[in-house]
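# Commentary on secondary and tertiary structure
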Amino acid sequence: MADPETVLLAAGRGGIPISVVKARDWEAFRRQLAPDMRRWCESNGFKSQPGRLLALPGAQGLLRQVVVGDAEEPDAFALARLCRSLPEGIYALSGGLSKPELFALGWCLDAYRYDRYRKASSVGPRLVCPGGVDRAEVLRAAAASGLVRDLVNTPASDMGPDELETAALALAKAHKAKIAVISGKALERGFPMIHAVGKASPRLPRLIDISWGPSRAPRLTLVGKGVCFDTGGLDIKPASGMALMKKDMGGAAHVLGLAQMIMSAGLKLRLRVLIPAVENAIAGNAFRPGDVLTSRKGLTVEIGNTDAEGRLILADALALADEDAPDLLIDMATLTGAARVALGPDLPAFFTDDDWLADEMLRQGLAVNDPVWRLPLWRPYGRLFESSVADLNNAGESGFAGAITAALFLRRFVQKAKAYAHFDVFAWTPAALPGRPRGGEAQAMRTLFEVIRSRLAG
Ligand code: BES
Ligand code: MN
Ligand code: ZN
């Protein structure tokens, strides 16, 4: 990833001005231009239409100014993306925009390139941080999104449980956090479901446990699904369903990105991050359909489908998280295809019994252009994953309400936490959008940061 710092320059230096002009302000703007510039606009047929951009030439054929029609689209990153098509150079926003911080962030997020295997050709145009915008905040969000994207985009061959641990170690070291890891056979006693899911891979399963911050501060625990590749297990996925499954550690990537934001902002809270990291592989010793597992919590789980592996490893990690009764417990996971069927790739689903949290998530999500949508923890659907031999089945037979039953399954493993929310994220942009290049994506992370800051560290 290109360092966002090279894309968003510190304020207080000049740049080619970018004027955002609404269609209704166009006449006034046009009138104060020099006659030759007015003619230039006319000969280009430019009237400041939304989503159009015009470069004005200066002396000696240099680029002097850029005029952009304000975007009508609701996407706050659309304008920044339009400006990213400008030639290389340094630009500065001139005049007012209602949310210049989102313009700056959109600019940085659009500049992201995944360059691990092929170096990007150039950084492209650069932006001087607009006045009144907190550059450090923008860079913090852009860097965390870049971390999530890099982790998700890296193929499973280079991002197994071990490499995910390495990424967690690097983050912990950078912020002087404590980290402990339990791997392989040692998981069998305390985390039997993490072990069962991960044991068929030669790349050992593990539970990563990071803690940071003063122990007397409000306690936040984040849990992230770290399935480094999901073949489906013995209930193997078809090729089309397996193609993108390197991204099944997206939840883990998200909680690492969110933890990075929290620690670098120095929020006054006690943070714990738990990542069960496994590969859902196929081998003679793989767990099977019909097996019954005893979870950390003691609940027994019949395996209806080895492809519903995420909820198994999360259940053991959530049970551990719940033991110290955190003030807020959040898990993030690429958990179900059903959440995508319901809401599509742009809108992560989330589930909580806490109405304040839910309302704040919706409000902040719109405010920071990182939207989320609530789905219900509809208790009667507990009947859809009953088992005739164990306390629970990990997959309903009906397929009805797949995202909700997965959330209800997880909910059974949380009792003591003061508040709990589950996020079912896609972690992927299938086709590029403003501020969102194709590939791995951070979703709900910036919104969560804002909500956590106001709830726990306000
Ligand atoms: N990782 C998948 C869910 C997934 C698939 C997320 C595609 C995003 C895109 C998960 O482990 C899974 O396979 N879930 C199954 C559950 C079913 C077997 C009950 C699903 O959603 O089909
Ligand atoms: Mn699966
Ligand atoms: Zn999965």
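The rules behind the values
- Residues numbered from 1 in each chain as written.
- Chains lettered and ligands numbered in written order.
- Predicted model: local features only at pLDDT ≥ 70, side-chain atom pairs only at ≥ 80, totals over all residues.
- Heavy atoms only, no water.
- Buried < 20%, exposed > 50% of the residue type's maximum accessible area, 1.4 Å probe, protein only.
- Helix = DSSP H or I, 4+ residues; strand = E, 2+ residues; numbered from the N terminus.
- Pairing = 2+ DSSP bridges.
- Domains from an automatic or database assignment.
- Buried area = accessible area lost by both parts, 1.4 Å probe.
- Salt bridge = Lys/Arg side-chain N within 4 Å of Asp/Glu carboxyl O.
- Patch = residues over 30% accessible without salt bridge, like charges linked within 9 Å, V, L, I, M, F, W, Y side chains within 5 Å.
- Areas by Shrake-Rupley, 256 points an atom, 1.4 Å probe, with all protein chains shown as cover.

### Concerning the pairing of strand 10 (residues 226–230)
Extensive coverage of strand 10 is indicated by the burial of five of its five residues. Here strand 10 runs beside strand 11 (residues 270–280); their pairing, made up of three bridges, is parallel. Note on strand 11: the bridge partner recorded for D230 is N280.

### Observations concerning the domain arrangement of the protein chain
Considered domain by domain, the protein chain is made up of domain 1 (4–132) and domain 2 (140–455). Both sides together, the interface formed by domain 1 and domain 2 hides about 1600 Å², and carbon and sulfur atoms give 56% of it. Of all residues in domain 1, L109, Y112 and Y114 give up the largest surface area on contact with domain 2, accounting jointly for 35% of the area buried on that side. Where domain 1 packs against domain 2, one counts two salt bridges.

### Quick word on a nonpolar patch on the surface
On the surface, L234, I236 and I282 cluster together into a nonpolar patch covering about 260 Å² of accessible area. Relative to the helices and strands, I282 resides in the loop between strand 11 and strand 12 (292–294). Classification of I282 as partly exposed rests on a relative accessible area of 40%.

### A short note on the pattern of salt bridges
Taken as a whole and assessed by the stated rule, the structure comprises 31 salt bridges. Close ionic contact of K225 with D248 constitutes a salt bridge, the shortest N to O distance being 3.2 Å. With K225 in the loop between strand 9 (219–224) and strand 10 and D248 in the loop between helix 10 (239–242) and helix 11 (250–265), this pair connects stretches of sequence that are 23 residues apart. Across the pair, D248 and K225 agree in class, each one buried. Across the salt bridge formed by R455 and D354, the nearest N and O atoms sit 2.9 Å from each other. Note that R455 is positioned in helix 16 (residues 445–455) and D354 in the loop between strand 15 (349–352) and helix 14 (355–367), a separation of 101 residues in sequence. On the basis of relative accessible area, R455 is assigned to the partly exposed category, the value being 28%. Overall, D354 belongs to the buried group, its relative accessible area being 18%. A single network of salt bridges, built from pairs that share partners, joins E27, R30, R31 and E42.

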